[in-house]
Amino acid sequence: LVNYVPESFKTDEERFQGVQKLMLTCSACGVRNEFPGLLYESKDDSKTLSVGFGCVNPTCERPQYWGEKTPFECMARIMNSMTLLVRRQTQEYYKGVIKCDDPACGLETRQVSVNGAVCLNRGCTGRMVSVYKERTLHTQLKYLECLFDADHACQQLASRGVHGTKLELEKFISKQDGIMAKELHRVAKQYVDDCAYNWVS
């Protein structure tokens, strides 16, 4: 394949650009934002490093732990949001909707032809393909796993050569934040391990 780049060699921005993002609503300011990851740099010119267990709204008066009183409450909220996201995406996959690949037809259905992938519309020569593919669900689950993977986050940032080495970046994560990330990563990784596509892709 010409110019083929394996998924594992892509940056997270490239690899996960099409996934449904993990969204959180801050309990302090009420603003809903995307969870930026365990360790991330600000989008402004300062490129300041921050840990993701805090509201990203710059006007939030109590950003720590997304407005929650304790780290445990913050972790529980993130875990609940992650579980709901996984359930929604899994339900989307199991709807089994297929669509004709001919733009002039575009038939969508959950019925499968006895002749295989041929379109159910009489006279159409298109083929029926899944709207939500196994690979799409697997990529969604990998996105959640990578969000809380401290080793992966530090490696991604270190490769840019701006914020120091991987070892230096690991020291930026506090012990408490590391414990939260480890538990969230364990749950996210279990979702990936339970996905059969993970073992055949």
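Figured I'd write up the structure that's included with this text. The structure presented is a predicted model; accordingly, all values stated were derived computationally and were not measured. (Residues numbered from 1 in each chain as written. Predicted model: local features only at pLDDT ≥ 70, side-chain atom pairs only at ≥ 80, totals over all residues. Heavy atoms only, no water.)

**Some thoughts on the overall build of the chain**
A tally of regular secondary structure across the chain gives 6 helices and 7 strands. Put simply, the chain runs from its N terminus to its C terminus through helices and strands in the order α-β-β-β-β-α-β-β-β-α-α-α-α. Seen through its principal axes, the chain has C-alpha atoms that stretch 60 × 40 × 35 Å. The proportion of buried residues among the 201 residues of the chain is 38%. Looking at the chain alone, contacts between residues at least 24 apart form 59% of all its contacts between residues at least 6 apart. Surface accessibility of the chain: about 12,600 Å² in total, with carbon and sulfur atoms responsible for 51%. Each charge sign in the chain was given a centre, from 26 positive and 25 negative side chains, and these centres are 5 Å apart. (Helix = DSSP H or I, 4+ residues; strand = E, 2+ residues; numbered from the N terminus. Buried < 20%, exposed > 50% of the residue type's maximum accessible area, 1.4 Å probe, protein only. Contact = heavy atoms within 4.5 Å. Areas by Shrake-Rupley, 256 points an atom, 1.4 Å probe, with all protein chains shown as cover. Lys, Arg positive; Asp, Glu negative; His and termini not counted. Charge placed at Lys NZ, Arg CZ, Asp CG, Glu CD.)

**Some thoughts on helix α2 (residues 71-94)**
Between its first and last C-alpha atoms α2 spans 34 Å; for 24 residues at 1.5 Å apiece the expected length is 34 Å, and the two agree. Within the span of α2, buried status applies to P71, C74, M75, I78, S81, M82, T83, L85, V86 and Q89. Where α2 is buried, its residues touch β1 (23-25), α3 (134-147) and α6 (175-194). Within two residues after α2, G96 carries a phi angle of roughly 65°, on the positive side. (Expected span 1.5 Å × (residues − 1).)

**Examining the sheet that holds strand β7 (residues 128-130)**
Read across the open sheet, the 3 strands follow the order β6-β5-β7; overall the sheet is antiparallel. Where the open sheet ends on each side, the last strands, each with one partner, are β6 (108-109) and β7. Pairing analysis gives 2 bridges linking strand β5 (residues 98-100) to β6, with the strands arranged antiparallel. Bridge pairing in β6 links I98 to T109. (Pairing = 2+ DSSP bridges.)

**Points about α3**
Between its first and last C-alpha, α3 extends 20 Å over 14 residues, near the 20 Å set by a 1.5 Å rise per residue. Counting buried positions along α3 yields 11 of 14 residues, so the element is predominantly enclosed. When we look at burial in α3, the residues that qualify are L137, H138, T139, Q140, L141, K142, Y143, L144, E145, C146 and L147. Of the surrounding elements, those touching the buried residues of α3 are α1 (12-15), β2 (32-34), α2, α4 (150-158) and α6.

**Comments concerning the pattern of salt bridges**
A complete count under the given rule lists 9 salt bridges for this structure. Its salt-bridge partner being E108, residue K99 comes within 4.0 Å of it at the nearest N-O pair. Taken together, the shared-partner salt bridges in this structure form one network comprising E13, E41 and R160. (Salt bridge = Lys/Arg side-chain N within 4 Å of Asp/Glu carboxyl O.)

**A few points about the side chain of E41**
Checked against the element boundaries, E41 lands in strand β3 (residues 39-41). With relative accessibility at 18%, the residue E41 sits in the buried group. Separated by 2.9 Å, the side chains of E41 and R160 make a polar contact. Setting aside anything within four residues of it in sequence, one finds E41 in contact with K47, T48, L49, R160 and H163. (Polar contact = N/O pair within 3.5 Å; in protein donor to acceptor, adjacent residues only side chain to side chain.)

**Observations concerning the environment of V114**
Looking at the secondary structure, you find V114 in the loop between β6 and β7. Considering only alpha carbons, one finds V114 and R87, 27 residues apart in sequence, at a separation of 30 Å.

**Some thoughts on the packing of α2 against α6**
Axis angle and axis distance: for two packed helices, these are the angle between their axes and the distance between the axes, and together they describe the pair. Look at α2 against α6: their axes get within 11 Å of each other, and the N-to-C directions meet at 20°. Accordingly, the angle class assigned to the pair α2 and α6 is roughly parallel. The chirality of how α2 crosses α6 is right-handed. Counting all contacts with α2, which are made through P71, C74, M75, I78, M79, M82, T83 and V86, the residues of α6 involved are Q176, M180, E183, L184, V187, A188 and Y191. Considered class by class, the residues forming the contact of α2 with α6 number 12 nonpolar, 2 polar and 1 charged. (Axes fitted to C-alpha atoms, helices over the stretch in contact; angles between N-to-C directions. Parallel < 35°, antiparallel > 145°, perpendicular 65-115°, else oblique. Left-handed = near helix turned anticlockwise from the far one by under 90°. Nonpolar A, V, L, I, M, F, W, Y, C, P; charged D, E, K, R; others polar.)

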